[in-house]
Structures are given as C-alpha cells and as structure tokens.
Amino acid sequence: MTRYIFITGGVVSSLGKGLGAAALGALLQARGYRVRLCKLDPYLNVDPGTMSPFQHGEVFVTDDGAETDLDLGHYERFTGVPAKATDNTTTGRIYTEVLSRERKGDYLGATIQVIPHITNAIKDFIAEKENTADFVLCEIGGTVGDIESLPFLEAIRQFGNEVGDDRALFLHVTLLPYIPAAGELKTKPTQHSVKELMSAGIRPDILLCRADRPIDDEERAKIALFCNIDVKKVIPALDVSSIYEVPLTYHGEGLDRQVMESFGIKDIPNLDLSIWENIIHNIKEPEGEVKIAIVGKYTNLADSYKSLNEALIHGGIANKVKVKLQFIEAEIFESHDPEQYLAGANGILVPGGFGARGAEGKIRAAQYARERKIPYFGICFGMQMAVIEGARNLCGIKKAGSTEFGPCDEPIVGLMTEWVKDDKKQKRGKDGDLGGTMRLGAYPAKLKKGSRVNEIYESEKISERHRHRYEVNMAYRERLESEGMTFSGLSPDGLLPEIIEYPDHPWFVGVQFHPELKSKPFDPHPLFVSFIQAAMKQSRLV
Ligand code: GLN
C-alpha cells in the first residue's frame with residue numbers, strides 16, 4: 001500500500017519545501033521504508049530547460065534525459081533514489097497533454113475544462129506512482145494563494161479524498177517572521193496561509209514552521225489553536241548551518257514520528273541516522289580547508305550551480321576538509337590578469353555554461369591552471385573551453401573556437417548533429433527547437449586503461465548524465481594529443497570525446513558530462529573526491 005504526503009508552502013517562496021521534503025524522505029528511509037519524491041510545478045513552461053538560471057536556478061537532468069526542477073536534485077542527494085522524468089511535471093506539460101488529446105478527439109463531444117480534465121491529468125500523474133514506493137512525497141511548487149497553484153490544490157484535495165485519510169497527509173510549510181520592534185515571532189501569516197489552504201478544501205495535518213530562532217510554547221499553542229491542529233503537529237523548523245543537518249533536526253523535533261502517527265501507523269520501526277551523524281561530524285569538524293575558484297557566469301546566484309556546489313562540499317566531506325568556494329565572473333579575466341584573482345586558489349573549476357559571454361575569460365582561467373599547475377576541473381562547457389585553450393596555446397591554432405559563438409574557421413568545438421541513444425541514431429540540425437533537444441541524460445563512456453580517470457573511477461566503463469549541444473571535434477584529436485592532451489574517455493563507438501586530461505599536470509580533467517548531478521553526501525562522486533584531494537596537495541595539506 002502506498003501512502004501519499006503532499007507538501008505545500010505558504011507565506012513566502014524559498015522556504016525550503018524541497019529540502020524539507022527531501023529530508024523527510026531520508027528520515028522515512030532511515031526507518032526502512034521505500035520512498036519516491038516528485039514535484040508539481042505551476043508554471044507554464046513544459047520544463048525548466050529553456051529558463052534562465054537567474055529565473056529558476058539550475059536545471060537538474062535525470063538519467064532518462066529529462067530537464068527538471070532543481071528540487072529533484074535535493075531529493076536524489078538526500079535519498080539516493082535516482083530521479084526520473086516522471087517525477088516532475090508542470091502546468092505547461094499537463095495542458096500540452098490534455099490539449100493534444102483534445103485534438104486527437106479523445107474527449108469527443110465534451111467541453112474541456114480545468115475541472116475535471118486538468119485536475120484528472122494531475123491526479124493521473126500522482127496515481128501513476130502507486131506501488132512504486134511505501135511513501136510518495138509530492139511537493140507542490142509555488143505558494144498557496146497563487147492563482148496558478150489552484151488546479152494542483154484542487155487535484156490533491158480530490159486525490160486525498162479518494163484514497164482516504166489513512167493514505168494521504170497534507171504537510172504545510174510556513175514562515176514565522178521575527179519582528180524586531182515587537183521582539184517576537186509572528187504567527188498571523190501562518191494563520192492566514194492555513195486559512196487560504198482551507199478555502200481550497202485542504203486541512204493541513206502537519207505544519208512545518210520555518211523560523212530564524214526558537215519558537216516558544218506559547219506561539220506553538222497559538223498556532224495550534226487558530227489552525228485547528230494538535231500542538232505536537234506544529235513542528236519548528238529552525239535555520240541550520242548545513243542543509244545536511246536538516247534530517248537530524250527535523251527528527252529531533254518529531255517530524256517523522258508525527259507523520260507516522262498521522263497515518264495511524266502503530267508499530268513505528270526504529271531508525272538509524274548514523275550516516276547523517278557522520279556527515280555532520282565531518283562538516284563541523286574539518287581537519288583543514290581548501291579554496292576552490294569557480295569561474296562562471298551566473299556566479300551571483302548560488303542556485304545556478306546548486307548540484308555543483310553540493311558535489312564540491314561532498315568532496316570535502318569525504319576528505320574531512322572544508323571547501324571554501326570563491327565565485328568569479330569569467331568576464332573579469334577579459335580585462336584583468338587572472339593572477340590577482342586566482343593566485344590563492346587550490347583548485348579552479350569551470351562549470352557548464354552556454355553562449356559566448358564570458359567564454360574568453362574561462363579560456364584564460366584554463367590556461368592559468370594549466371601553466372601554473374593548479375588542479376583544474378572543466379565540466380561540459382569547462383571542458384570545451386580547456387580544449388580550445390590547448391588548441392590555441394599548445395598547437396598554435398590561433399583561430400580555435402566553438403561554432404556555438406558563430407561561424408568559426410577552426411571549429412575545435414562544433415554542433416553535434418548525430419549521435420546514438422539506446423541503439424538509435426539521433427539527428428539534430430542548427431534550426432531545430434531549443435527545448436528538450438540537447439544530448440540529454442545518461443550515456444556510457446569507455447575510459448582509457450591507465451589514465452587518471454580510469455584510476456579515479458576504478459573502472460573502464462562509466463555512465464554519466466549529459467546536457468549539451470556541442471562537442472569537441474575529433475578531427476583535432478591527433479594534434480592535441482601530440483601536444484600532451486589525452487582523450488581518456490570516449491563514447492563506446494569511439495566517436496564522441498567524453499573526457500580529456502593532461503597526464504603531466506598534477507590534476508587537469510575536462511569532462512563533457514555533469515558528474516555533479518550524481519554526487520551524494522553519503523556517496524560522493526569520485527571525480528570530486530579526487531579533485532579535492534588534488535587541491536589539498538596543492539595547498540600542502542597532505
Ligand atoms: N554550451 C555547451 C553545449 O551546448 C555546453 C553545455 C553545458 O555546459 N551544459 O555543448
């Protein structure tokens with residue numbers, strides 16, 4: 001029997017609903033249950049793939065090639081359950097589905113309406129998870145009270161009613177703001193938000209109250225009274241210094257126990273939280289510190305590189321060091337010497353990216369790292385820029401560039417027009433749709449025996465997630481290899497470069513995929529563990 005937990009948010013956005021859902025998922029897992037997490041996003045885009053990282057943060061890619069909300073990254077990092085395309089949907093996708101069925105004549109004769117057609121499609125999305133886990137945690141994006149969330153609230157209300165109280169639970173995340181003049185946390189916004197939810201026909205079973213300081217008993221009692229809820233189910237969710245502390249603190253406040261009790265589960269299984277305790281121990285008591293410079297484009301918004309930041313932290317946890325991240329706008333290096341910015345870095349990372357702006361700065365960062373023998377990690381765009389750098393400065397191909405930036409005499413990086421996915425040839429042209437048409441999702445690669453990456457992965461076969469439209473041009477391989485670069489990872493048919501490295505450099509690796517998407521605090525990605533180790537050597541910590 002599958003039980004459903006619906007997570008909504010009130011008062012303001014950015015309350016950490018996704019993180020809360022992920023942490024609750026981890027706690028249920030710690031009690032031995034199978035969990036699955038999914039997210040319903042109320043915006044009209046079919047997926048976040050075409051949205052700017054400024055608007056929406058990182059796009060998280062699943063093994064099966066979906067471009068999804070970054071909350072799916074939290075889900076996977078906290079539970080280890082690989083996210084799937086069917087774990088995320090949007091208003092845009094739901095409408096596309098319903099409208100294409102309408103055109104086909106599937107509803108012939110009927111007037112198509114939000115209720116029941118849209119709400120039914122939402123319920124189908126949820127019901128499809130039946131029997132895939134003991135608990136399905138389903139987060140509703142946006143804030144209660146938004147016009148666009150209404151069909152989702154209506155759908156989960158109906159769904160809850162259909163499966164019954166013992167199989168559906170509504171968890172509402174709210175905020176208690178602190179008003180300095182009054183010297184207290186205010187409960188009124190929470191009361192209003194619950195009222196709003198009730199007007200949609202949903203009575204929350206549990207309230208998770210975010211606050212920046214302890215919530216005293218009087219305030220909890222007040223919320224319980226006005227929101228018609230048991231005081232034990234008004235759960236404080238205070239700010240913590242590391243997101244990996246959230247499962248432990250929520251457990252401490254009784255969240256998972258209250259969930260069990262709300263469902264009427266009698267024999268509550270014991271739980272083991274030692275993996276989270278070990279993680280927190282390594283975070284709170286590091287034996288040193290390394291500085292990593294991230295030379296990118298959306299560096300003023302940490303959410304744009306969410307998984308990357310976390311993967312670097314995981315590399316630190318594995319090595320018991322604190323990883324200090326320094327974000328640098330790549331464009332600066334087009335007018336300033338990298339030296340003054342990068343001299344103190346123990347490692348330089350150029351992450352994924354799109355478009356010409358900042359590209360020259362990233363190429364200079366790669367050159368600085370190669371020449372100064374500072375560990376360099378190039379991810380996707382960061383690999384492509386490192387190869388252009390090598391072509392220009394080692395092979396003397398002065399006009400080396402990428403066709404992503406316009407017509408190019410020496411296309412070291414070019415548009416990928418054909419590749420193989422699951423034994424089928426994929427084809428793309430330069431005038432095709434932008435949404436959902438990149439080389440997306442998990443692809444296998446073969447590693448060169450004895451290469452650095454072969455050693456790091458301890459395997460010659462890997463599978464990693466991709467999201468790119470361009471590729472390093474194999475026509476230049478020989479010239480690059482004769483100058484010391486090794487193509488140490490290739491697609492199984494040997495046609496697409498997946499990894500490059502310089503064997504005579506302390507640590508210089510460029511990968512065409514996104515290893516950060518698969519890293520977890522309890523199972524850090526080997527490339528990040530090794531990169532942080534190299535940074536420790538650079539800083540003479542080891
Ligand atoms: N813009 C490059 C491409 O499409 C790199 C993409 C990325 O870094 N994710 O190939």
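Note: the structure precedes this text.
Here's a quick rundown of the structure. What you see is a predicted model, and the numbers here were worked out from it, not measured in a lab.

Calculation criteria
Residues numbered from 1 in each chain as written. Predicted model: local features only at pLDDT ≥ 70, side-chain atom pairs only at ≥ 80, totals over all residues. Heavy atoms only, no water. Helix = DSSP H or I, 4+ residues; strand = E, 2+ residues; numbered from the N terminus. Buried < 20%, exposed > 50% of the residue type's maximum accessible area, 1.4 Å probe, protein only. Contact = heavy atoms within 4.5 Å. Areas by Shrake-Rupley, 256 points an atom, 1.4 Å probe, with all protein chains shown as cover. Lys, Arg positive; Asp, Glu negative; His and termini not counted. Charge placed at Lys NZ, Arg CZ, Asp CG, Glu CD. Expected span 1.5 Å × (residues − 1). Near = heavy atom within 4 Å. Polar contact = N/O pair within 3.5 Å; in protein donor to acceptor, adjacent residues only side chain to side chain. 1 Å grid on protein atoms, 1.4 Å probe; cavity = no way out; pocket = protein on both sides within 12 Å on 5 of 7 lines; lining within 4 Å. Sits in = over half its atoms within 2 Å of the grid points. Nonpolar A, V, L, I, M, F, W, Y, C, P; charged D, E, K, R; others polar. Phe/Tyr/Trp six-rings, centres within 6.5 Å; stacked < 30°, edge-to-face > 60°. Points joined across faces, edges and corners; volume = space filled by probe spheres on them. Core = buried A, V, L, I, M, F, W, Y, C linked by side-chain atoms within 4.5 Å. Pairing = 2+ DSSP bridges. Axes fitted to C-alpha atoms, helices over the stretch in contact; angles between N-to-C directions. Left-handed = near helix turned anticlockwise from the far one by under 90°.

## Some details on the overall build of the chain
What the chain contains, in helices and strands, is 18 helices and 25 strands. By principal-axis analysis of the C-alpha atoms, the chain measures approximately 75 × 65 × 45 Å. Of all 542 residues assigned to the chain, the portion counted as buried reaches 56%. Considering only residue pairs separated by 6 or more positions, the chain has 72% of its internal contacts joining residues 24 or more positions apart. Total accessible area on the chain is roughly 22,800 Å²; 49% of this is exposed by carbon and sulfur atoms. With 65 positive and 76 negative side-chain charges, the chain shows a separation of 2 Å between the mean positions of the two kinds.

## So, helix H15 (residues 381–393)
Here H15 contains 13 residues, and its C-alpha end-to-end distance of 18 Å stays within 8% of the 18 Å for a straight helix at 1.5 Å per residue. Burial of H15 is extensive: 12 of the 13 residues sit out of reach of the surface. Among the residues of H15, those classed as buried are Phe381, Gly382, Met383, Gln384, Met385, Ala386, Val387, Ile388, Glu389, Gly390, Ala391 and Arg392.

## Section: the environment of Pro116
Mapped onto the fold, Pro116 is located in helix H5 (residues 114–127). By relative accessible area, which is 34% here, Pro116 ends up partly exposed. In the structure, Pro116 is positioned 361 residues away from Arg477 in sequence and 57 Å away in space, judged by C-alpha atoms.

## A short note on the site of the ligand
If you check the shell around the ligand, you find Gly352, Gly353, Phe354, Cys380, Phe381, Gln384, Glu404, Arg467, His468, Arg469, Tyr470 and His514 and nothing else. At 2.8 Å, a backbone N or O of Arg467 approaches a nitrogen atom of the ligand. Between the ligand and Tyr470, the relevant distance is 2.8 Å, taken from an oxygen atom to a main-chain nitrogen or oxygen of the residue. Here the ligand has 300 Å² of accessible area as a free molecule, and 99% of this is covered by the chains. A majority-of-atoms criterion places the ligand in the largest cavity. Counting residues per element, the ones that place at least two in the shell around the ligand are H15 and strand E21 (461–468). Of the residues in the shell around the ligand, the class split is 4 nonpolar, 5 polar and 3 charged.

## Brief notes about the packing of aromatic side chains
For the coordinates displayed, the defined rule picks out 18 aromatic pairs. With 5.1 Å between their ring centres and 55° between their planes, Phe377 and Phe528 make a pair best called tilted. You can see Phe377 sitting in strand E15 (residues 376–379) and its partner Phe528 sitting in helix H18 (residues 526–538), a full 151 residues away along the chain. As far as the burial class goes, Phe377 and Phe528 line up, both buried.

## Quick notes on empty space enclosed by the protein
In this structure the tally under the stated criterion is 2 cavities of 30 Å³ or more. One number sums up the size of the largest cavity: a volume of about 70 Å³. If you go around the largest cavity, the residues you meet are Gly353, Phe354, Cys380, Phe381, Gln384, Glu404, Arg467, His468, Arg469 and Tyr470. Across the lining of the largest cavity, the residue classes tally to 4 nonpolar, 3 polar and 3 charged. As a volume, the second largest cavity reaches approximately 30 Å³. In terms of lining residues, the second largest cavity is bounded by Thr8, Gly9, Ile140, Gly141, Gly142, Thr143, Val144, Ser149 and Leu153. The residue makeup of the lining of the second largest cavity, split by class, is 3 nonpolar, 6 polar and no charged.

## Points about the nonpolar core
Formed by 45 residues in total, the largest nonpolar core has its most connected members in Ile5, Leu28, Phe135, Leu137, Leu171 and Leu255. Of all the elements, helix H1 (residues 17–30) adds the most residues to this core, at 9 residues. In contact with Leu28, other than residues within four places in its own chain, are Ile5, Tyr33, Val35, Phe135, Leu137 and Met260. With 39 residues, the next largest nonpolar core counts Ala293, Ala359, Ala391 and Val413 among its residues.

## Brief notes about the environment of Tyr476
Its place among the elements puts Tyr476 in the loop between strand E22 (470–472) and helix H17 (477–482). Discounting residues that sit within four places of it in the chain, Tyr476 has contacts with Ile397, Asp409, Glu410, Pro411 and Ile412.

## Let's talk about the sheet that holds strand E5 (residues 88–90)
Across the sheet, which stays open at both edges, the 7 strands sit in the order E5-E2-E6-E1-E7-E10-E11 with parallel pairing between neighbours. The sheet is open, and its two borders are formed by E5 and strand E11 (234–238), each paired with just one other strand. Pairwise comparison of adjacent strand axes, ignoring direction, gives a mean angle of 20° for this sheet. Note: strand E2 (residues 35–41) against E5, 3 bridges, orientation parallel. When the bridges of E5 are listed, Lys39 appears paired with Asn88. H1 contacts strand E1 (3–9), E2, strand E6 (135–140) and strand E7 (168–175) of the sheet and is inclined by roughly 175° relative to E6. Each of E1, E6, E7, strand E10 (206–211) and E11 touches helix H10 (residues 255–262); the most contacted strand, E10, lies at about 160° to it.

## Quick notes on the packing of helix H4 (residues 91–104) against H5
Between two packed helices, what matters for the description is the angle formed by their axes and the separation of those axes. Across the interface, H4 lies against H5 with an axial gap of 9 Å and an inter-helix angle of 115°. When you trace H4 past H5, the crossing you get is right-handed. Residues Ile94, Tyr95, Glu97 and Val98 of H4 touch H5, and the partners they reach there are Val114, His117, Ile118, Ala121 and Ile122.

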